[in-house]
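Reading the structure
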Amino acid sequence: MSANPHAPPSAVVSSPPDPSRDVSGNESSRSLRHVDSARIFQESWHVYRTVLENNELAHLTTIDSIARDLAVVGSGSTRLLDLGCGDGAIVSAVFDKLKAQSSDVRLVKYTGVDASRAALDLNAVDAGCRDLIEAELQSFLATSSDRCSHDVVLANLILHHFDPEGKRIIVRQIADRLVDGGTFYYGDVYALEGEDRDAMLRRWKPRIDEFKGLTPDEVASVWEHIAEKDFPSTVRFMSEAMQQAGLTVEVLFSDEFYVTLLKGTKTTESTETTETTI
């Protein structure tokens with residue numbers, strides 16, 4: 001079973017869908033749809049924020065891990081591309097932590113890409129220059145002309161919606177946008193080695209059912225989305241895809257259950273693959 005490469009980002013792990021993108025019909029219909037769209041978005045946003053704040057999918061751990069790493073490898077003039085950015089919560093929190101630590105790392109240019117205009121309207125990342133782009137991930141990567149222009153690219157909990165070949169293509173396109181020595185932070189949910197999708201879902205279900213702060217109906221909607229739209233690969237597969245794209249890969253964090261944060265560094269040296277273990 002393969003993923004739909006055009007599936008929208010999950011309302012749980014990235015920004016919620018923006019139903020108003022599909023508004024059509026007469027003026028009365030448009031008004032009613034707009035009200036309903038706003039309600040649906042707010043409900044989805046509540047779920048997303050609850051999952052983030054309770055660290056159910058390691059958002060807070062990801063923020064800490066990236067901040068620690070950037071404090072060492074970052075620069076005073078960081079240019080960052082945030083794919084599936086939503087409200088920019090992760091990037092904002094990372095640079096707030098760096099500022100609190102009196103770090104010299106500064107965000108001078110921020111490019112946020114998301115398919116949801118409603119989510120982008122909530123984006124409050126503080127940077128010297130901000131560019132918020134409403135676009136599907138694949139469309140943006142296929143058409144943008146920003147090669148070798150970003151010090152950091154972040155893609156958190158978004159690529160698991162794509163099939164294996166789609167993931168390889170996206171990783172190559174991301175690597176192409178990094179400057180030499182640039183960093184790709186890739187956080188996502190993963191399948192275990194030798195685990196088929198049905199076994200993965202059976203393993204995940206009890207954990208999802210225990211998500212804190214959500215009503216039973218909200219948990220059910222989360223699970224429905226996962227069962228229909230999530231097609232994670234293994235850490236080994238994604239590590240090899242990153243290495244084949246010319247990135248040196250290391251694991252920054254793994255909960256050893258389903259969330260792992262990988263770091264890929266672009267170099268001009270050998271791109272031969274090396275084994276990554278958890």
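Ranked by internal contacts, the top residues of the largest apolar core, which has 42 residues, are Val94, Phe95 and Trp204. By residue number, the principal contributor to this core is helix H3 (residues 89–100), which donates 5 residues. Ignoring sequence-local partners within four residues, the contact set of Phe95 consists of Leu70, Thr78, Leu80, Val105, Arg106 and Leu107. Within the second largest apolar cluster, 27 residues are counted, among which are Ala155, Leu159, Val235 and Leu247.

Our focus in this paragraph is unusual backbone geometry. Working note: non-glycine residues mostly have negative phi, and peptide bonds are mostly trans. The phi dihedral of Leu157 is positive, around 55°, even though this residue is not glycine. Looking at the secondary structure, you find Leu157 in the loop between strand E4 (150–156) and helix H6 (164–177). For Leu157, a relative accessible area of 1% puts it in the buried group. Residue Glu256 is not a glycine yet carries a positive backbone phi of 60°. Structurally, Glu256 is set in the loop between strand E6 (247–254) and strand E7 (259–266). Residue classification places Glu256 among the exposed residues on the basis of a relative accessible area of 66%.

Take the confidence of the model for the chain next. When pLDDT is averaged along the chain, the result is 85; 81% of the residues meet or exceed 70. Summarising per-element confidence for the chain, the mean pLDDT is lowest in helix H1 (residues 27–53) (64) and highest in helix H9 (residues 235–244) (98). Throughout residues 1–37 the model reports pLDDT below 50, and contacts reaching past four residues in sequence, or to other chains, amount to 75 contacts. Note on residues 270–278: pLDDT is under 50 here. Beyond four places in sequence and across chains, it has 15 contacts.

Okay, the sheet that holds E6 next. What the 7 strands build is an open sheet, ordered E3-E2-E1-E4-E5-E7-E6; its pairing is mixed. The sheet is open, and its two edges are formed by strand E3 (129–134) and E6, each paired on a single side. Strand-to-strand twist of the sheet, defined as the mean angle between neighbouring strand axes without regard to direction, takes the value 15°. Of the pairings in the sheet, the one linking strand E1 (residues 78–83) to E4 comprises 4 bridges and is parallel in character. The residue of E4 that forms the bridge with Asp82 is Leu154.

Calculation rules
Residues numbered from 1 in each chain as written. Predicted model: local features only at pLDDT ≥ 70, side-chain atom pairs only at ≥ 80, totals over all residues. Heavy atoms only, no water. Core = buried A, V, L, I, M, F, W, Y, C linked by side-chain atoms within 4.5 Å. Buried < 20%, exposed > 50% of the residue type's maximum accessible area, 1.4 Å probe, protein only. Helix = DSSP H or I, 4+ residues; strand = E, 2+ residues; numbered from the N terminus. Contact = heavy atoms within 4.5 Å. pLDDT = per-residue confidence, 0-100. Pairing = 2+ DSSP bridges. Axes fitted to C-alpha atoms, helices over the stretch in contact; angles between N-to-C directions.

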